[in-house]
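Structural overview for review
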Amino acid sequence: MPHQQHTLFIKLAQIIDSLREKAFYSQDREHQKRFLGLSVRQATALRTISVLTKEQPQGIPLKTLAARLQMTIPAASLLVESMVNKGFFDRTTNPNDRRSICIKLSAKGQKNFKEICTTMDQITEELVLTLPEQDQKDFERIVEQLFQTVFQTKP
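All values derive from a computational prediction rather than experimental measurement. (Residues numbered from 1 in each chain as written. Predicted model: local features only at pLDDT ≥ 70, side-chain atom pairs only at ≥ 80, totals over all residues. Heavy atoms only, no water.)

**Here we look at the overall build of the protein**
Secondary structure summary: the protein contains seven helices and three strands in total. Starting at the N terminus and walking to the C terminus, you meet the elements of the protein as α-α-α-β-α-α-β-β-α-α. Looking at the protein as a whole, 27% of its 155 residues qualify as buried. Partitioning the intrachain contacts of the protein with sequence separation of at least 6 by distance along the chain shows that 51% fall at a separation of at least 24. (Helix = DSSP H or I, 4+ residues; strand = E, 2+ residues; numbered from the N terminus. Buried < 20%, exposed > 50% of the residue type's maximum accessible area, 1.4 Å probe, protein only. Contact = heavy atoms within 4.5 Å.)

Encoded structure:
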């Protein structure tokens, strides 16, 4: 079975890469330019901040971002600095600990992230609709279960 799992992992990675590429190239040139300047790590940070600030709209501490991205705090600090400079993140003093900062998406970051998510949602929906109805429900349930397992979130 380990060989099959490895193959499954590769197939999942290829599907995700293909969906990302399709979402990116379906955007007009202006949208592509906005995201072309982001590294994979920066794009991951953008998505992570968006998800985590749903529960913490005031922003998340740098330490939390570093842990979620599996980075050191100094490396996460450099990443945040680059995203602030690009206009995607805002940085404020942490209201719970004045010695630390909180990070959230800037207005530009929210707008750009929403635009790309809308496209990704459409592409994902088109893909899922190729499955029989019961498989669509099973797929959604399994993806949610895997997400909760990987990120230990609450339902």
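**Quick notes on a nonpolar patch on the surface**
Side chains of Leu8, Leu12, Ile15, Ile16 and Leu127 sit close together on the surface and give an oily, nonpolar patch of about 440 Å² of accessible area. The leading source of residues in the nonpolar patch is helix H1 (residues 2-25), at four residues. Here Leu12 shows up in helix H1. Judged by relative accessible area, Leu12 falls into the partly exposed class, the value being 48%. (Patch = residues over 30% accessible without salt bridge, like charges linked within 9 Å, V, L, I, M, F, W, Y side chains within 5 Å. Areas by Shrake-Rupley, 256 points an atom, 1.4 Å probe, with all protein chains shown as cover. Salt bridge = Lys/Arg side-chain N within 4 Å of Asp/Glu carboxyl O.)

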